[in-house]
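The chain contents come next:
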Amino acid sequence: LQSSLFSRLFLLVLTIVPLAFLLHYIVIGPMTFSHEGKQVYYFNLFARCIHWCAAISFALLVITGLLIIFGSVVGGGALVRSGRTIHLICAVIFSASALLMLFIWARDMLYAPYDFLWMLIMGGYLSKEKKPVPAGKFNAGQKGWFWLATVGGAAMAVTGYYLYSFQGNTDGLRIAAIIHNTLGALMVMVFIVHLYMSLFAIKGSIRSMLSGYKPEAEIKILHPRYKP
């Protein structure tokens, strides 16, 4: 699995998912909202700082994790060993950030009945029309990414610890490797989705995690059930 299946799985994720989003961008195009009108304070400074700690550490986890997966392709050696060290440091930072995010947003991330309606229409992202979608402060997709990052991240941290320290019997380490790599591929895939939505699918969306404010026009369409 380690020498063949997992490397192919990650390669598929890194090629098919971006290509699918490129097609979406060409056919459907991004949503645009005016940032000149009324702004709503959406994310406080503490939440934004924790989010960026998690985002940067996770991005480095992805890069170094892929470096480990494709170690033989890049020649192994010092580069991969350095990647492993950075991977470990970033895992600690991300775990702490994810725990704090759990305390900050757990209640907002609980699923509501209207979230299933959001899933049925794929959040309106398959249409060029801008119609209000059933979503509160966070939509169903964001909630899915949150729970995968926190709960899945915890499983990644535990299995990663055993793999890094090489503790346990051979069968246990094999199971840990299967869980770690499978979850890793899934998290990389959803991370790419999150990046696409933040940077391309909704123009200017990333600004809310920099300034803390979202335009009211965007909230009325993408988060109409949110009550400040």
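Shown above is the structure to which this text applies.
Residues numbered from 1 in each chain as written. Predicted model: local features only at pLDDT ≥ 70, side-chain atom pairs only at ≥ 80, totals over all residues. Heavy atoms only, no water.

1. What about the overall build of the protein chain?
Looking only at helices and strands, one finds eight helices and two strands in the protein chain. When the helices and strands of the protein chain are read in sequence order from the N terminus, they spell out α-β-α-α-α-α-α-α-β-α. What you see for the protein chain is a C-alpha radius of gyration of 19 Å, in line with the 17 Å of a compact globule of 228 residues. With respect to the three principal axes, the spread of C-alpha positions in the protein chain is 55 × 35 × 30 Å. For the protein chain, buried positions account for 42% of its 228 residues. Once local pairs closer than 6 in sequence are excluded, the contacts in the protein chain between residues at least 24 apart make up 79%. For the protein chain, the exposed area adds up to about 12900 Å²; of that, 71% sits on carbon and sulfur atoms. Looking at charge distribution, the protein chain has the averaged site of its 18 positive side-chain charges lying 4 Å from that of its 7 negative ones. (Helix = DSSP H or I, 4+ residues; strand = E, 2+ residues; numbered from the N terminus. Rg over C-alpha atoms; globule rule 2.2 N^0.38 Å. Buried < 20%, exposed > 50% of the residue type's maximum accessible area, 1.4 Å probe, protein only. Contact = heavy atoms within 4.5 Å. Areas by Shrake-Rupley, 256 points an atom, 1.4 Å probe, with all protein chains shown as cover. Lys, Arg positive; Asp, Glu negative; His and termini not counted. Charge placed at Lys NZ, Arg CZ, Asp CG, Glu CD.)

2. What to know about the side chain of S7
If you trace the backbone, S7 turns up in helix 1 (residues 5-27). With relative accessibility at 16%, the residue S7 sits in the buried group. Excluding residues that lie within four positions of it along the chain, S7 makes contacts with I69 and F70.

3. Examining helix 3 (residues 78-105)
Compared with the 40 Å implied by 1.5 Å per residue over 28 residues, the 39 Å span of helix 3 between its first and last C-alpha is a close match. On its buried face, helix 3 is in contact with helix 2 (45-69), helix 5 (140-165), helix 6 (170-201) and helix 7 (208-211). (Expected span 1.5 Å × (residues − 1).)

4. Observations regarding the packing of aromatic side chains
A complete count under the given rule lists 16 aromatic pairs for this structure. Ring centres of F58 and F94 lie 5.2 Å apart, and the angle between their planes is 50°; on these two criteria the pair is classed as tilted. Placement of the pair is F58 in helix 2 and F94 in helix 3, with a sequence separation of 36 residues. Here F58 and F191 contribute two aromatic rings whose centre-to-centre distance is 4.9 Å and whose plane-to-plane angle is 65°, an arrangement assigned as edge-to-face. With F58 in helix 2 and F191 in helix 6, this pair connects stretches of sequence that are 133 residues apart. Overall, the relative accessible area of 7% leaves F58 in the buried class. Through pairs of rings, three or more aromatic residues link up here, namely Y42, F43, W105, F138 and Y226. (Phe/Tyr/Trp six-rings, centres within 6.5 Å; stacked < 30°, edge-to-face > 60°.)

5. Notes on the packing of helix 4 (residues 113-120) against helix 5
Two elements in contact, helix 4 and helix 5, have axes whose closest approach is 9 Å; the angle formed by their N-to-C orientations is 105°. Relative to helix 5, the element helix 4 is oriented roughly perpendicular. Here helix 4 contributes D115, W118 and M119 to the contact with helix 5, which in turn contributes A140, G141 and K143. (Axes fitted to C-alpha atoms, helices over the stretch in contact; angles between N-to-C directions. Parallel < 35°, antiparallel > 145°, perpendicular 65-115°, else oblique.)

6. Concerning the pattern of salt bridges
Under the counting rule described, the total for this entry stands at six salt bridges. K214 is the salt-bridge partner of E218, the closest N and O atoms lying 3.0 Å from each other. Summarising the burial analysis for this pair, E218 and K214 share the class buried. A salt bridge links K220 to E216, with the nearest nitrogen and oxygen atoms 4.0 Å apart. Of this pair, K220 and E216 both sit in helix 8 (residues 216-222), four residues apart, which is roughly one turn of the helix. (Salt bridge = Lys/Arg side-chain N within 4 Å of Asp/Glu carboxyl O.)

7. What about the state of the cysteines?
All chains considered together, the criterion is met by zero disulfides. Summary of cysteine pairing: C49 is not part of a disulfide, and the nearest cysteine sulfur, belonging to C53, is at 6.9 Å. (Disulfide = S-S within 2.5 Å.)

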